[in-house]
Structure formats: structure tokens, C-alpha cells
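Structural features, examined
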Amino acid sequence: MGRRAILRQIRKHVEESRRQQAEMPVPRTLEEAVVAWLTGGGMPIEHCFLVKDIYFGWWDPVRGEVLLGLVLDGDYDLHEACRDFLRQRVAAFGSVEEVRTEVRRRGLPGVQNAKPDVAGDR
């Protein structure tokens, strides 16, 4: 297969992939914007947590662990709205261990893959 044919196949594959990707709708309310930011449009909101009132946490069912993110810049009002939203959903916890306990309680997917508790993450 020649170089042009290979490039044509690659372009075709990329275009198909772009068509298949669902576009996230533009949020109309603050709650929709918060959910879109927290989930990225690709995970259930039940997988999102607030840890130590600072970190955003996301349950990763494939890895079986809580992933943490610390936002240092960006839209302060949106991030504060995300924190408030998680507090209202009773998804705010004081440690990663508390989040793991909640994940087990909720029976979220991948809980069987969960890593053993580590004492240093509290």
C-alpha cells in the first residue's frame, strides 16, 4: 500500500471517529455547567467527590482507586460552585479513606478492583 493510500485510510478513520464522538451540549444552568465540569461528560456524577474541602476526587472503576485533582487556577466561581454542589449531594469527605468507604457502600463499579487501604492518604 502506498503512502497516499495509507494517509487516505488514516484521514477516513479520523473523520469517522470525529463523527462518532458525541458533542457535549452547551450548559444552560449553573448546575449543568457544574456537572459537565465534574464529569467531563463521560462519567456518572456519583463517581465525583470532594476531599478535605480542597481536592476534587473521581472514582476510577478500571484502576480501582480514587483519583485526586487540585485546581490552582481557572474559573474560581465555577470551582466553588462545584464544591457547593458536592457538599449538597453529601459527597464531601475528610479523607480519601472516607471516600473509599463511601464507594464500597454505594457499590460503585470496580470496587472489587480497589487497592488496599493506605494509611498515608488520610
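See the structure above.
Attention here is on the structure that accompanies the text. Just so it is clear, the structure is predicted and the values come from calculations on it, not from any experiment.

As for the overall build of the chain
Along the backbone of the chain there are four helices and four strands. For the chain, the residues scored as buried account for 31% of the 122 residues in total. Within the chain, residue pairs in contact and separated by at least 24 positions form 55% of the contacts whose partners lie at least 6 positions apart. For the chain, the accessible surface area stands at approximately 8500 Å², while carbon and sulfur atoms represent 53% of it.

As for the sheet that holds strand β3 (residues 65-69)
In spatial order, the strands read β3-β2-β1-β4; together these four strands make up an open sheet with mixed pairing. The strands lining the two open edges of the sheet, one partner per strand, are β3 and β4 (92-93). Where strand β1 (residues 48-51) lies against strand β2 (residues 55-60), four bridges are found, and the strand directions are antiparallel. Bridge pairing links L50 to F56 in β2. In this fold helix α3 (residues 76-88) packs onto β1, β2 and β4, with an angle of close to 100° to the strand it touches most, β1. Along the sheet, helix α4 (residues 96-106) makes contact with β1, β2, β3 and β4, crossing β1 at roughly 155°.

Description of helix α2 (residues 30-39)
For α2, every residue scored as buried is listed here: V34, A36, L38 and T39. Buried residues in α2 make contact with β1, β2 and α3. Phi turns positive, to about 65°, at G40, one or two residues after α2.

Describing the packing of α2 against α3
Each packed pair of helices is defined by two parameters, the angle between the axes and the distance between the axes. The contact between α2 and α3 brings their axes to 9 Å, and the two run at 90°. By the angle between their directions, the pair α2 and α3 is classed as roughly perpendicular. Across the interface between the two elements, L30, E31, A33, V34, V35, W37 and L38 from α2 touch L78, H79, A81, C82, F85 and L86 from α3. Each residue belonging to the contact of α2 with α3 can be placed in one class, and the counts come to eleven nonpolar, one polar and one charged.

The rules behind the values
- Residues numbered from 1 in each chain as written.
- Predicted model: local features only at pLDDT ≥ 70, side-chain atom pairs only at ≥ 80, totals over all residues.
- Heavy atoms only, no water.
- Helix = DSSP H or I, 4+ residues; strand = E, 2+ residues; numbered from the N terminus.
- Buried < 20%, exposed > 50% of the residue type's maximum accessible area, 1.4 Å probe, protein only.
- Contact = heavy atoms within 4.5 Å.
- Areas by Shrake-Rupley, 256 points an atom, 1.4 Å probe, with all protein chains shown as cover.
- Pairing = 2+ DSSP bridges.
- Axes fitted to C-alpha atoms, helices over the stretch in contact; angles between N-to-C directions.
- Parallel < 35°, antiparallel > 145°, perpendicular 65-115°, else oblique.
- Nonpolar A, V, L, I, M, F, W, Y, C, P; charged D, E, K, R; others polar.

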